[in-house]
Amino acid sequence: MNKSLIIALDFPNAEQTLSFLEGFEDEKLFVKVGMELFYQEGPSIIRKIKALGHSIFLDLKLHDIPNTVKQAMKGLASLEIDLINVHAAGGKEMMRFALEGLIEGTPSG
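Residues numbered from 1 in each chain as written. Predicted model: local features only at pLDDT ≥ 70, side-chain atom pairs only at ≥ 80, totals over all residues. Heavy atoms only, no water.

1. Some details on the layout of surface pockets
Where we set the bar: Method remark: on a 1 Å grid restricted to protein atoms, a set of points is classed as a cavity if a 1.4 Å probe fits but cannot get out and as a pocket if it is open with protein on both sides within 12 Å along at least five of seven lines; lining residues have an atom within 4 Å of a point. Grid points are joined across faces, edges and corners, and a volume is the space filled by probe spheres set on the points. The helix and strand labels rest on DSSP assignments: H or I over at least four residues marks a helix, E over at least two residues marks a strand, and numbering proceeds from the N terminus. All residues other than Ala, Val, Leu, Ile, Met, Phe, Trp, Tyr, Cys, Pro, Asp, Glu, Lys and Arg, Gly among them, are scored as polar; the first ten of these are nonpolar and the last four charged.
When its volume is computed, the largest pocket comes out at roughly 190 Å³. Of all the elements in the fold, those that place two or more residues in the lining of the largest pocket are α4 (66-77), β4 (83-86) and α5 (91-105). Tallied by class, residues from the lining of the largest pocket come to eleven nonpolar, one polar and two charged.

Laid out in structure tokens, this is it:
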């Protein structure tokens, strides 16, 4: 795994996020998109950040019944996120389903 510093994009909207990222035109960052930004802007913010060439940690801490997490991961996999997390309190089965969804949703998977 890359040992780069991960910069939290704890902004409330795409406008502020993209404005911040303008200062890094010549650098490729590893950034964290959390619940606040993702829930406000949806997958489009991920696509915009990826188009700028940055790596993304999507910090949603998914935690639900196994099949729901699997389906969520299938959809998120298509965004080509570099790192995503699930909440371990969901248990082994949920984590296994999350991995299955990730594999099934990955374009080459």
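2. Some thoughts on the sheet that holds strand β2 (residues 30-34)
The test is simple: Pairing between strands is defined by DSSP: at least two bridges between them are needed. Between the N-to-C directions of two axes lies an angle of 0 to 180 degrees, each axis being a line fitted to C-alpha atoms and, for a helix, fitted only over the stretch in contact. Contacts are assigned to residue pairs with any non-hydrogen atoms lying within 4.5 Å of each other.
One open sheet holds the four strands; their spatial order is β1-β2-β3-β4, and the pairing between them is parallel. This sheet does not close on itself; its edge strands, each paired only once, are β1 (6-8) and β4. Within this sheet the neighbouring strands show an average axis-to-axis angle of 25 degrees, counted without direction. Bridge analysis of β1 against β2 gives three bridges, and the strand direction is parallel. Within β2, the position partnered with I6 by the bridge is F30. Strands β2 and β3 (55-62) of the sheet are contacted by helix α3 (residues 43-51), whose axis makes an angle of about 155 degrees with β3.

3. Quick notes on a nonpolar patch on the surface
Our working definition: Nonpolar side chains (Val, Leu, Ile, Met, Phe, Trp, Tyr) are joined into patches within 5 Å and like charges within 9 Å, using only residues with over 30% relative accessible area and no salt bridge. Here the open area of atoms and residues is found with the Shrake-Rupley method and a 1.4 Å probe, where only the protein chains shown may cover a residue. When a carboxyl oxygen of Asp or Glu is within 4 Å of a side-chain nitrogen of Lys or Arg, the pair counts as a salt bridge. Any residue under 20% of the maximum accessible area for its type is buried, any over 50% is exposed, and the rest in between are partly exposed; the area is computed with a 1.4 Å probe on protein chains only.
The grouping of L99, L102 and I103 at the surface amounts to a nonpolar patch, some 250 Å² of accessible area in total. Within the secondary structure, I103 sits in helix α5. Judged by its relative accessible area of 47%, I103 is partly exposed.

4. A short note on the packing of helix α1 (residues 14-21) against α3
Helix-helix packing is described using two parameters, namely the angle between the two axes and the distance between the axes. Using the following cut-off: Roughly parallel here means an angle under 35 degrees, roughly antiparallel means over 145, roughly perpendicular means 65 to 115, and every remaining angle is called oblique.
It is the contact of α1 with α3, at a shortest axis distance of 11 Å, that shows an interaxial angle of 10 degrees. Classified by the angle between their axes, α1 and α3 sit roughly parallel to one another. Residues A14, T17, L18 and L21 of α1 pack against I45, K48 and I49 of α3. The residue makeup of the contact of α1 with α3, split by class, is five nonpolar, one polar and one charged.

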